[in-house]
Amino acid sequence: MTISVGLVGAGPWAEMVHAPRLAAGPDTRLAGVWARRPEAARRFGAPVFERIEELFDNCEAVAFSVPPAVQAELGVLAAKAGKALLLEKPLAADLDGARRLAGAIAEAGVASQMVLTWRYSAATRAFLARVSAIEPFGGHAANITGAMLGGDFATPWRLERGAILDVGPHMIDLLEASLGRVVGVRAHGNPRGWVGLLLEHETGSVSEASLCLSVPGETPPSNVGIYGRLGRESINDTQLGDDVFSLMLAEFAMTVRRGGGHPLDAAHGLHLQEIIAAAEEQLT
């Protein structure tokens with residue numbers, strides 16, 4: 001059964017990913033769009049609603065493609081309206097917003113799922129299966145680009161907060177999936193320049209993450225390397241393939257239909273936000 005999904009937001013990411021993927025099916029149907037600029041939403045070829053409550057009335061679930069602070073605010077409204085939520089990372093702009101949103105979702109008892117794109121790739125899942133066999137004890141992740149230097153993603157919230165809030169969730173999540181839940185973080189550097197994170201995992205493993213969005217010119221693929229007593233495994237973002245969003249939406253549709261949870265739900269997004277908040281506090 002196809003689920004009807006309303007889209008909140010009409011920016012570049014919504015245009016490139018959310019709108020066409022939701023409309024393409026087979027597991028989802030784009031039921032309509034709400035955006036602060038309705039004229040931007042009209043190019044998606046779906047009904048455009050002037051009031052967000054009207055969007056909620058015409059869909060089963062809501063996907064968000066807006067800045068983190070806006071997602072935290074409007075996500076609470078969607079949860080209270082009884083809608084399942086497909087949420088971008090980070091969950092919110094700050095820890096208080098993330099707690100409010102995760103709390104509203106839990107109180108309403110609605111399904112939620114985070115758009116942690118790496119985790120929906122068949123290549124990533126094969127990588128994690130291999131990692132489990134090498135008795136891992138440490139690793140390193142790097143996400144180095146020039147996204148803050150211009151282009152569609154040099155947005156105000158990224159320019160203000162930098163790499164740790166933007167790409168940090170991806171790298172922390174993958175290191176945690178490989179080495180166990182993160183229970184401690186030490187950070188150094190400049191959020192709008194180069195940031196280094198030392199993560200401590202509940203398994204006793206340790207890992208490092210290097211994050212930067214302000215490197216000009218050609219940059220290497222984002223990558224994760226895990227080392228164990230029986231070998232090493234690695235993956236980079238060129239290996240993720242085109243299946244990521246199809247698998248993500250198929251799993252979201254299944255989550256909505258059965259009304260159950262998902263491993264990458266809002267509670268997991270809150271956990272990642274707690275790690276980021278602890279790191280950012282050390283950098284101020």
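Structure: above.
Residues numbered from 1 in each chain as written. Predicted model: local features only at pLDDT ≥ 70, side-chain atom pairs only at ≥ 80, totals over all residues. Heavy atoms only, no water.

Comments concerning the environment of Val206
(1) Moving on: Within the secondary structure layout, Val206 lies in strand E9 (residues 206–212).
(2) Moving on: Distance from Val206 to Gly184, taken between C-alpha atoms, is 9.5 Å for residues 22 residues apart in sequence.
(3) Moving on: The contacts of Val206, once residues within four sequence positions are left out, are Phe137, Gly138, Gly139, Leu179, Leu199 and His201. (Helix = DSSP H or I, 4+ residues; strand = E, 2+ residues; numbered from the N terminus. Contact = heavy atoms within 4.5 Å.)

So, the pattern of salt bridges
For side chains bearing opposite charge, pairing can occur when the charged atoms are close.
(1) Moving on: Counted by the stated rule, this structure contains 10 salt bridges.
(2) Moving on: Residue Arg257 is joined to Asp27 by a salt bridge in which the shortest nitrogen-to-oxygen separation is 3.7 Å. In this pair, Arg257 is assigned in helix H10 (residues 244–258) and Asp27 in the loop between helix H1 (12–24) and strand E2 (28–34), connecting sequence segments 230 residues apart.
(3) Moving on: Overall, the relative accessible area of 37% leaves Arg257 in the partly exposed class.
(4) Moving on: Judged by its relative accessible area of 21%, Asp27 falls in the partly exposed class.
(5) Moving on: Here Asp166 ties to Arg158 by a salt bridge, and the two come within 2.9 Å at their closest N and O atoms. Taken individually, Asp166 and Arg158 each receive the classification buried, so the pair is uniform in this respect.
(6) Moving on: When salt bridges with common partners are traced through the structure, they connect Lys89, Arg158 and Asp166 into a single cluster. (Salt bridge = Lys/Arg side-chain N within 4 Å of Asp/Glu carboxyl O. Buried < 20%, exposed > 50% of the residue type's maximum accessible area, 1.4 Å probe, protein only.)

Some remarks on unusual backbone geometry
(1) Moving on: Geometrically, the link from Gly25 to Pro26 is a cis peptide bond, its omega value of 5° lying close to zero.
(2) Moving on: Along the chain, Pro26 falls in the loop between H1 and E2.

Some points on the packing of helix H6 (residues 122–131) against helix H9 (residues 168–179)
(1) Moving on: Two elements in contact, H6 and H9, have axes separated by 9 Å at closest approach and are oriented at 40°. Compared by their axis directions, H6 and H9 come out oblique. Where H6 abuts H9, its residues Thr124, Phe127, Leu128 and Val131 lie against Leu174, Ala177 and Ser178.
(2) Moving on: Taken together, the residues of the contact of H6 with H9 break down into 5 nonpolar, 2 polar and no charged. (Axes fitted to C-alpha atoms, helices over the stretch in contact; angles between N-to-C directions. Parallel < 35°, antiparallel > 145°, perpendicular 65-115°, else oblique. Nonpolar A, V, L, I, M, F, W, Y, C, P; charged D, E, K, R; others polar.)

Quick look at the sheet that holds E2
In any sheet, the strands associate via hydrogen bonds between backbone groups, in a parallel or an antiparallel arrangement.
(1) Moving on: Strand order in this open sheet of 5 strands is E2-E1-E3-E4-E5, and the pairing throughout is parallel. Single-partner strands in this sheet number two, and they are E2 and strand E5 (112–114). Direction aside, neighbouring strands of the sheet carry axes that sit 20° apart on average.
(2) Moving on: Across 6 bridges, strand E1 (residues 3–8) lies against E2 in parallel orientation. Across the sheet, Val8 pairs through a bridge with Trp34, a residue of E2. (Pairing = 2+ DSSP bridges.)

So, the packing of aromatic side chains
(1) Moving on: Tallied over the full model, the rule gives 2 aromatic pairs.
(2) Moving on: Summarising the aromatic geometry, the rings of Trp13 and Phe153 are spaced 6.1 Å apart at their centres and angled 70° between planes, so their arrangement reads as edge-to-face. On the criterion of sequence distance, the pair formed by Trp13 in helix H1 and Phe153 in the loop between strand E6 (136–144) and helix H7 (156–161) is long-range, its members being 140 residues apart.
(3) Moving on: The exposure class of Trp13 is partly exposed, given its relative accessible area of 27%.
(4) Moving on: Measuring from ring centre to ring centre gives 6.0 Å for Trp13 and Phe245, while their planes differ by 65°; the resulting arrangement is edge-to-face. Placement of the pair is Trp13 in helix H1 and Phe245 in helix H10, with a sequence separation of 232 residues.
(5) Moving on: For Phe245, a relative accessible area of 13% corresponds to the buried category.
(6) Moving on: Taken together, the ring pairs connect Trp13, Phe153 and Phe245 into an aromatic cluster. (Phe/Tyr/Trp six-rings, centres within 6.5 Å; stacked < 30°, edge-to-face > 60°.)

Focus: helix H5 (residues 95–108)
An α-helical turn contains 3.6 residues, so any two residues separated by three or four positions project in the same direction.
(1) Moving on: Between its terminal C-alpha atoms H5 stretches 20 Å, which fits the 20 Å expected from 14 residues at 1.5 Å a residue.
(2) Moving on: Within H5, burial applies to Leu95, Gly97, Ala98, Leu101, Ala102, Ala104 and Ile105.
(3) Moving on: Contacts from the buried residues of H5 go to helix H4 (68–80), strand E4 (84–87), E5 and helix H11 (266–283). (Expected span 1.5 Å × (residues − 1).)

Observations regarding the sheet that holds strand E10 (residues 223–228)
(1) Moving on: One open sheet accounts for 6 strands, arranged E7-E8-E9-E6-E10-E11; its pairing is mixed. Looking at strand neighbours, the two that pair on one side only are strand E7 (182–189) and strand E11 (231–236), the edges of this open sheet. Across the sheet, the mean angle from the axis of one strand to that of its neighbour is 15°, orientation sign disregarded.
(2) Moving on: Where E6 and E10 come together, 6 bridges link them in antiparallel fashion. Its bridge partner being in E10, Gly139 is matched across the sheet by Ile226.
(3) Moving on: Where H9 meets the sheet, its contacts fall on E6, E7, strand E8 (194–201), E9 and E10, and the angle it forms with E6 comes to roughly 165°.
(4) Moving on: Of the strands in this sheet, E7 and E8 touch H11, which is tilted by about 35° from E7.

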